[in-house]
Structure formats: C-alpha cells, structure tokens
Amino acid sequence: MQHTPYWWDAAGEPDAPESPITLPAKADVVVIGAGLTGLSAARTLARAGRDVLVVESGAPGSGASSRNGGQVGGGHRLPPASLDAQYGKDTATRLLREAHIDSIDFFTSLIDDESIDCDWQPVGRFRGCNNRREYEQNARALEQLNRRIGTHAYPVKSSEQQSEIATDLYHGGTVFPTHGAINPAKFTYGLWRAARDAGAAFACHTSVLGVSTNARASIVKTTRGDVIAGAVLAATNGYSTTALPTIARRIVPVPSFIVATETLGRNRVRALMPSGRVYVESRARHCYFRPSPDGERLVFGGRAALCDVPDRFATSQLRSLMLDVFPELSGAALTHSWRGHTGFSFAQIPHVGTVDGVEVAMGYSGNGNTMAPYLGHKAALRILGDADAETAFSQTAFETRFWHRGKRWFLPAADMRFRVQDIWQKLTNSL
Ligand SMILES: Cc1cc2nc3c(=O)[nH]c(=O)nc-3n(C[C@H](O)[C@H](O)[C@H](O)COP(=O)(O)OP(=O)(O)OC[C@H]3O[C@@H](n4cnc5c(N)ncnc54)[C@H](O)[C@@H]3O)c2cc1C
C-alpha cells in the first residue's frame, strides 16, 4: 500500500528542482503558500509586472492542491436559502454565480491560456441524495438556482439513477453538467510553471515565522531571513499555522482521506459508473469518488475522520464507505491511501480580504480546484488596485470563535459528534 497520492504516480512528487535562491531583501509582494491560491495570485501579480516572492514551507503543491480528489466544479456547502438569509439576495446571487459559473470559466481559460495538460475531462458531476425528502428539496432548490443563475443542472429520479451509478444507496440525485475531473497534481504543477514563467520567484522549503505590518510595508520573518514587502498575501488555507495567529484562528484544518483501488479494468469501472462522471453525496460522511483518468480504477475519498487518525484506520473506514456504495468491490484491493487538509471557515464559505494588514484568500471548505485559482487571482487584483478585483467573497464572514486559538484540540470531540450523526442518518434512512 502506498501512502502517497495516486496522482503523483503520473505527475511526480511535489518537488522544487531549482537550487534555493538567496532571499531578496525586498519584494513588492510576498505570497505565503504555493498551492492553487498562491500560485494563481503569483501568476497574476508577476504578469502585471510586480516583483513577487512566493515563500513555501515544502515544495509547490505539497499542501492540499496536489492531493485532492480532482473533482472540478463550483457550489457551496450552504444552500441558497441560507446564503440569502445571511448575506441578502443580491450578494447571495453573486456568491452563487461566481462559484457555479465564473470560477469554472476562470479554470477553463487558465488551462487553455497556459496549455496546462491536467487530464481535464468535462464529464459532469452527479450528487447522490441521502433520502427521498432530500431529493425533493433538492429538485425544488435546483429549479430556483437555474432560474436565478442558469447552471443547467438537472435532477435525476431514483428510478433513472442506474444510468448514472450502479448503487441503491442514493435516492435520486442531481447532475451538474459543467463540472468535471482533473489530475490535481498535474494542474498544480502546470500552474506553478505558469507563475514561474511569468517571473515569480520561489523560496521553497522556507517557512514564514511571522509578519509585522505598518502603514508603509510589512516585514516577513522567515526561516531564511527577513524580507520587506509592499504587500503580503496569506494563501495557506488548511495548512495555516500559528505563525499568523489571527488567520489561523479563522480557519479549521479538517483532514480528508482518499484511496485508489487496484486496476479493475475499464468495463468494470464503467459498469459501476455508467455516465463516467465525478460523484459526490449528501451524507454526513461526504464521500466523493470518480474513475481514474484512464478509466481503469476507482478513486474514492471521504471523511474517514475529522481528526488525524492512523493510516490503517483511515483506510479501513474508507473501504467500508466504498462498500456501502459498491458492495461488489468487496474483493478489490486498495493500492494507495493518502490524506490532506481542507481549510474550513466557520461560515463554510471562502473569503478574500485583509486580516491584520495581511491579504487572505482561503476557507474553501473542501472545494478549491476552481475557487482557489479564481480567488487567488482576485486577491492579486485587490493588491494591484484593479477594478476587476470586485468579488462577493470579500463580503463573506471570516470570523473566529473564542475557543479556537489556532490549534485543533476540539476536532476529536467534533469527530465523536459526527460519528453519532452518521449512525443516526443510517438509522433514520432505514426506517
Ligand atoms: C483530500 C482532499 C480532497 C479534496 N478534494 C477536492 C476536490 O475533489 N475538488 C475540489 O475542488 N477541492 C478539493 N479539495 C480542496 C482543495 O484541494 C483545496 O481547497 C485547495 O487545494 C486549496 O488550495 P490552497 O492553495 O489554498 O491551499 P494548499 O494547497 O493547502 O496550500 C497551502 C500551502 O501553504 C503552505 N504554508 C502554510 N503555512 C506556511 C508558512 N508559514 N510558510 C510557508 N508556507 C506555508 C503549505 O505548505 C501549503 O503548501 C480537497 C482537499 C483535500 C485535502
């Protein structure tokens, strides 16, 4: 069993092949973190002629960006009605449009403009419903969403579900035809090359230890010396640390886990997922899965736990979740099992803004392949003072709780609560 992402087999491990640069004394902008957010921001800033230094603790993509499930597509954890109640109808509509349409448009032009070969397959996404009541609510909400922003998403009744997926676990679902699949490591490395070719400098295997800001500049303290920066962008999402304590207190790093099966063969994979889409579900376990880019395996992710658990435990949890969906895979071996950290904001929606003089773009809450490059770009435009910086995500809540001091002490308790919720969901669905 390999404990590295399946994607790295084809794309290679995150690596920083250039010899380490001597840190410059000054930069127009220091970007902290070289995942999809930081790389996209660095590309935009460098293309606008700014002197950009990206400081990354590991190698580009070594956070969540090269490890994720490779599902592409927008959407929010919160339903439109909750967004309306919290942000008002106009802002909520813009939040929906940017997530469902603008961020996907940005993603597709990015891979076209930069010729990023990332195994992009615009196959659409099926979201399975946990029970009939939820299906009916979803179908009504979808009608409103289509009227409001035109996503072209459509419901699939449980009687027609077998054309999408060979399981009885779901009670119908929704298809989002503009979503799709990538190899996330290839995408991240492609974006890294684009940022580097645009002129951004990288200091990898270098950690930011703190930032102090005054009206004119910031001093970024790193493990390899200080840099004076005109502006600083924190693009650290689920890997945020107490080096920037006010930001770390606003993000909850929640682990997510993935396994890949052995080669099952195209026919078998196609029989399980006849429409060949990417798949998510509305259960508390929030499983997400898809065929591998070559169509030979199943790549299956989910919330095996809310806190860090041993590999063996995570793998067995995922195996049992996978068998809930596809019991016929009981004899299939797993070849890869890995994990990464998603970054949740308390409002469960991303945010772009300024915290203690540092620009931030984060809080993707598990959905960052389109949102992170899109909001990294928006954050860069804010720094540039560009009119196109406008985004409704600068109006989302980015709050902390008095009990979150930046460390994840509360996640084991949350994990227990979530397991009880899961058991309850199973019981009530079987009634
Ligand atoms: C297992 C898993 C599955 C997922 N599946 C999907 C999916 O299918 N579809 C989807 O859209 N999204 C998915 N996501 C979410 C998506 O991967 C993230 O939202 C996205 O990658 C966030 O990008 P980022 O650049 O903001 O953060 P990251 O890629 O996490 O990068 C943050 C970087 O900051 C660096 N850093 C942190 N602190 C410091 C410091 N002090 N100094 C220097 N560097 C620092 C870290 O080393 C890290 O490289 C998944 C996430 C995980 C973990």
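A brief report on the enclosed structure follows.

Quick notes on the rules
- Residues numbered from 1 in each chain as written.
- Predicted model: local features only at pLDDT ≥ 70, side-chain atom pairs only at ≥ 80, totals over all residues.
- Near = placed C-beta within 6 Å.
- Helix = DSSP H or I, 4+ residues; strand = E, 2+ residues; numbered from the N terminus.
- Nonpolar A, V, L, I, M, F, W, Y, C, P; charged D, E, K, R; others polar.
- Pairing = 2+ DSSP bridges.
- Axes fitted to C-alpha atoms, helices over the stretch in contact; angles between N-to-C directions.
- Contact = placed C-beta atoms within 7 Å.
- Expected span 1.5 Å × (residues − 1).
- Buried ≥ 20, exposed ≤ 12 C-beta atoms within 10 Å, placed from the backbone.
- Parallel < 35°, antiparallel > 145°, perpendicular 65-115°, else oblique.
- Core = buried A, V, L, I, M, F, W, Y, C linked by C-beta atoms within 7 Å.

### Describing the site of the ligand
Point 1. With respect to spatial proximity, 44 residues lie near the ligand, and among them Gly33, Gly35, Gly63, Gly69 and Gly368 are the closest.
Point 2. At the level of secondary structure, the elements contributing two or more residues to the shell around the ligand comprise α2 (36-47), β12 (251-261) and β16 (334-345).
Point 3. By residue number, the principal contributor to the shell around the ligand is β16, which donates 4 residues.
Point 4. Of the residues assigned to the shell around the ligand, the class counts are 14 nonpolar, 27 polar and 3 charged.

### Side note on the sheet that holds strand β5 (residues 154-156)
Point 1. Read from one edge to the other, the open sheet built from 8 strands follows the order β5-β6-β4-β13-β14-β15-β12-β16, with strand pairing classed as mixed. Sheet topology places β5 and β16 at the edges, where each strand pairs with a single neighbour. Adjacent strand axes in the sheet meet at a mean angle of 20° when their direction is disregarded.
Point 2. Summarising the sheet, strand β13 (residues 278-281) and strand β14 (residues 288-291) pair through 2 bridges and their orientation is antiparallel. The partner of valine 280 across the bridge, within β14, is tyrosine 288.
Point 3. Those strands touched by helix α9 (residues 311-325) are β12, β15 (298-302) and β16, and its axis lies near 95° from that of β16.

### Describing α2
Point 1. Given a rise of 1.5 Å per residue, 12 residues ought to cover 16 Å, and the 16 Å separating the end C-alpha atoms of α2 matches this to within 8%.
Point 2. When you tally the buried positions in α2, you get 11 out of 12 residues, the bulk of the element.
Point 3. Turning to α2, its buried residues number three or more, namely Leu36, Thr37, Gly38, Leu39, Ser40, Ala41, Ala42, Arg43, Thr44, Leu45 and Ala46.
Point 4. Looking at the buried side of α2, the elements it contacts are β1 (26-32), β2 (52-55), α6 (184-198), β11 (225-234), β18 (358-362) and α10 (371-384).
Point 5. Backbone geometry just after α2 places glycine 49 at a positive phi near 90°.

### Some details on the packing of helix α4 (residues 89-113) against helix α5 (residues 132-149)
Point 1. With their axes 10 Å apart at the nearest point, α4 and α5 run at an angle of 90° to one another. Here α4 lies roughly perpendicular to α5, going by the angle between them. In contact with Thr93, Leu96, Arg97, His100 and Ile101 of α4, α5 contributes Leu145, Arg148 and Ile149.
Point 2. Looking at the contact of α4 with α5 residue by residue, the class counts come to 4 nonpolar, 2 polar and 2 charged.

### Focus: the nonpolar core
Point 1. Core analysis: the largest hydrophobic core is formed by 107 residues, its most contacted members being Val29, Val30, Val31, Ala42, Val52, Val232 and Leu233.
Point 2. If near-sequence neighbours (up to four positions away) are discounted, valine 31 is found in contact with Gly38, Ala41, Ala42, Val52, Val54, Leu233 and Ala235.

### Some thoughts on α6
At 3.6 residues per turn, the α-helix brings residues three or four places apart onto the same side.
Point 1. Between the first and last C-alpha of α6 there are 21 Å, a value that for 15 residues agrees with the 21 Å anticipated at 1.5 Å per step.
Point 2. Those residues of α6 not exposed but buried are Pro184, Ala185, Lys186, Phe187, Thr188, Tyr189, Gly190, Leu191, Trp192, Ala194 and Ala195.
Point 3. Next to the buried residues of α6 lie α1 (7-11), α2 and α10.
Point 4. Of the residues flanking the end of α6, it is glycine 199, one or two places downstream, whose phi is positive at about 120°.

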